[in-house]
Amino acid sequence: MSRSGITTGTSAPPSRDLSLLLQGEVERPVSLTVADLRERWQQHRADVVFHCATDGPRHHTFEGPLLREVVGSAKPAFDARRRKDRSRFLLAVTGGDGHHTVLSWAELDADFGNVPVLLATAMDGRSLESAGSQLVVPSDHCGARYISAITSVWVGGITT
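Everything quoted here is computed from the prediction, not taken from an experiment.

(A) The arrangement of the overall build of the chain in detail. What the chain contains, in helices and strands, is four helices and eleven strands. Each of the 160 residues in the chain was classed as buried or not, and the buried ones make up 41%. If you sum the accessible surface of the chain, you get close to 8,500 Å²; carbon and sulfur atoms cover 53% of it.

See below:
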């Protein structure tokens, strides 16, 4: 089903063993399930309202680990002591339905934007284990960067 609620017929039904691959310029690439995300990291809660162009405002409560903590555990290839090195890194997130988005490390980093972006393991009190984790950007007014059934998070730096 697409974000608009219309079934397109182009995506396969979700698998029960959905996992996301954390890869790119990281020391420790890893494949993580929703259960891994729930068990290995502290869970944070975000009550969000985003405005859907077709359906109006949507209210949801998400729970999951912070994206920066999960990515940080994979040891991104930047020098954490150098702010400018950290600020050149991007994260590209891909969902099982083909949706993509990009975030900057600076958005997430406590020294910069400090946005509490989640890799949700639950939505409205229901586990996302059979649907896959969901990217949640609480500061966004539009739900376009809410990526469902995440299949990969790629981390990499811009070079000149």
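(B) Expanded view of the sheet that holds strand β8 (residues 122-123). Read from one edge to the other, the open sheet built from four strands follows the order β3-β4-β8-β9, with strand pairing classed as antiparallel. Strands at the two margins of the open sheet, each flanked by one partner only, are β3 (44-52) and β9 (126-127).

(C) Representation of the nonpolar core within the structure. Leu67 and Leu135 are the most contacted members of the largest nonpolar core, which totals 26 residues. If you list the elements that add at least two residues to this core, you get β1 (19-24), α2 (67-73), β5 (89-95), α4 (105-108) and β11 (150-157). Those residues in contact with leucine 67 that lie beyond four places of it in its chain are Leu91, Leu103, Leu108, Val117, Leu118, Leu119 and Leu135. One finds Ala46, Leu66, Val136 and Tyr146 within the second-largest nonpolar core, a separate group that totals eleven residues.

(D) Expanded view of unusual backbone geometry. Backbone geometry at lysine 75 places phi at a positive 60°, although glycine is not the residue there. Within the chain, alanine 149 stands out as a residue other than glycine whose phi angle is a positive 50°. Assignment of secondary structure puts alanine 149 in the loop between β10 (134-136) and β11. Given a relative accessible area of 16%, alanine 149 falls into the buried group.

What counts and what doesn't
- Counting of residues starts from 1 at the beginning of each chain's written sequence and follows it residue by residue.
- pLDDT decides what is reported in this predicted model: residues at 70 or higher carry local features, side-chain atom pairs at 80 or more are listed and counted, and totals for whole chains, interfaces and linings draw on all residues regardless.
- Here the side-chain values reflect all heavy atoms present in the structure, with hydrogen atoms and water set aside.
- Helix and strand definitions follow DSSP, with helices as H or I runs of at least four residues and strands as E runs of at least two, each counted in order from the N terminus.
- Only protein chains enter the accessibility calculation, which uses a 1.4 Å probe. A residue is then buried if its area is under 20% of the maximum for its type, exposed if over 50%, and partly exposed in between.
- Where accessible areas are quoted, they stem from the Shrake-Rupley method and a 1.4 Å probe; at the residue level, only the protein chains shown are allowed to cover.
- One requirement defines pairing of two strands: DSSP has to find at least two bridges between them.
- Only buried Ala, Val, Leu, Ile, Met, Phe, Trp, Tyr and Cys residues count toward a nonpolar core, and they belong to the same one when joined by side-chain atoms within 4.5 Å.
- Whether two residues touch is decided by their heavy atoms; if any such pair falls within 4.5 Å, the residues are in contact.

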